[in-house]
Amino acid sequence: MEGFGAKILFEIPLFDGIPVTETVVNTWIIMAVLTLFAVIATRKFEAVPRGIQNVVETLVDVLTSFTKQTMGEKKMVYAPYMLTLFLLLAFSNLLGLFGLRPPTADLNTTFALAMLTFFIIHFNGITKKGPLTYAKGYLEPMAFMLPLNIIGELALPISLAFRLFGNIVGGMIIMALIYNGLASASAAIGLSFAPILQVGIPAFLHLYFDVFAGLIQSFIFIMLSMVFIGNAYD
Amino acid sequence: MEAITGRALILACSAIGAGLAMIAGIGPGIGQGYAAGKGAETVGRQPEAEGTIIRTMLLGQAVAETTGIYGLVIALILLFANPLINLL
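Computed from a predicted structure; not experimentally measured. (Residues numbered from 1 in each chain as written. Chains lettered and ligands numbered in written order. Predicted model: local features only at pLDDT ≥ 70, side-chain atom pairs only at ≥ 80, totals over all residues. Heavy atoms only, no water.)

A. The nonpolar core, seen in detail. Met82, Leu85, Phe221, Ile222, Met226 and Ile229 of chain A are the most contacted members of the largest nonpolar core, which totals 43 residues. Contributions of two or more residues to this core are made by α1 (22-41), α2 (52-71), α3 (79-94), α4 (107-129), α6 (146-188) and α7 (201-233) of chain A together with α3 (50-64) and α4 (66-80) of chain B. Per element, the largest residue contribution to this core is 10 residues, and it comes from α6 of chain A. In this view, isoleucine 229 of chain A contacts Met71, Tyr78, Met82, Thr117, Ile120, Ile121 and Asn124 of chain A; residues no more than four positions away in its chain are not counted. (Core = buried A, V, L, I, M, F, W, Y, C linked by side-chain atoms within 4.5 Å. Buried < 20%, exposed > 50% of the residue type's maximum accessible area, 1.4 Å probe, protein only. Helix = DSSP H or I, 4+ residues; strand = E, 2+ residues; numbered from the N terminus. Contact = heavy atoms within 4.5 Å.)

Now the structure itself:
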């Protein structure tokens, strides 16, 4: 059956052949765009911001104050990481607008990012609380709750990854179904050479599934990461 | 009438199962709507705290959505990466 999985574009002829999927190539595109943006936007800084410097300053300002509000003054070290994560996720989700497959529509991407949050949480839990207090946290409120607590901790990265993946891939599948439906509708009125109905109608759905849901989901991902990491401290 | 093969039976049942799994969407729908209603109520009472209210509401809705997303993932697995078909 023709699925909605990422297509393998080519193979690197090393070992048994390493498959390179659409997801990886699209992530390279986003990496290139973000790197170029960072280099160009930060080259000439002036005291009175002009043009693209305004964009950069607004982004950094908003994310810094947001981190301060959510995590508190002491955990400001996470602001750059959260901004990076937000830009990566926002650009990934918006890639659907260009007809490319969003890298976040692949469970590998979202799960890798969720695992980063997971490891930050537990590293901080062990180093900041001390190993004993950390281990004791699993026996709260009663010792027999230990398996439930462990399952709860393991469910965190899974729910974080599946939330982003499910939203993006759900939107992608609905968009693909609508494009196919409009193509058959155009064929039904005798325009199979040019699926004219595909023009314009999906734009509103792109607005919802790619722009609105994409930005909201990247925002929710970093907000949940902030809340969970903030909770790991105390 | 030709006999139904095992493979066809599994595919048909998986399609029905995928549809049933999406019933999970009812829960998050009700929950998120309730949270949004409460959020609107609170903004009406305290318009100056709108930013905080919207952020808290989105956080709660994101967590409430989890069960619905699990249902969606089960449906997607049944449709596109069916593990049952290999058991034949």
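Having seen it, we continue.
B. Summary view of the side chain of asparagine 124 of chain A. Residues and elements named next belong to chain A. Position of asparagine 124 among the secondary structure elements: in helix α4. Note on asparagine 124: relative accessible area 3%, which makes it buried. In contact with asparagine 124, other than residues within four places in its own chain, are Tyr78, Lys129, Ile229, Ala232 and Tyr233.

C. Summary view of the interface of chain B and chain A. Opposite the 14 residues of chain B that make contact, chain A presents 24 residues. Interface area, chain B with chain A, both sides summed: about 1500 Å², of which 78% is carbon and sulfur. When the buried area of chain B at its contact with chain A is split by residue, Arg55, Leu59 and Phe80 of chain B rank highest and sum to 33% of it. At the boundary of chain B with chain A, the tally comes to 0 salt bridges. Mapped by element, the contributors of at least two residues to the side of chain B that touches chain A are α3 and α4 of chain B. (Buried area = accessible area lost by both parts, 1.4 Å probe. Salt bridge = Lys/Arg side-chain N within 4 Å of Asp/Glu carboxyl O.)

D. Molecular detail of the packing of helix α2 (residues 26-45) of chain B against α3 of chain B. All names here are of chain B. Contact geometry of α2 with α3 gives a least axis separation of 10 Å together with a crossing angle of 170 degrees. Classified by the angle their axes make, α2 and α3 are roughly antiparallel. For the pair formed by α2 and α3, the contact residues are Pro28, Gln32, Ala35, Ala36, Gly39, Thr42 and Val43 on the first element and Glu50, Ile53, Met57, Gln61 and Ala64 on the second. Its residues assigned to classes, the contact of α2 with α3 comprises 7 nonpolar, 4 polar and 1 charged. (Axes fitted to C-alpha atoms, helices over the stretch in contact; angles between N-to-C directions. Parallel < 35°, antiparallel > 145°, perpendicular 65-115°, else oblique. Nonpolar A, V, L, I, M, F, W, Y, C, P; charged D, E, K, R; others polar.)

Such coordinate-based values are descriptive only and should not be taken to indicate function.
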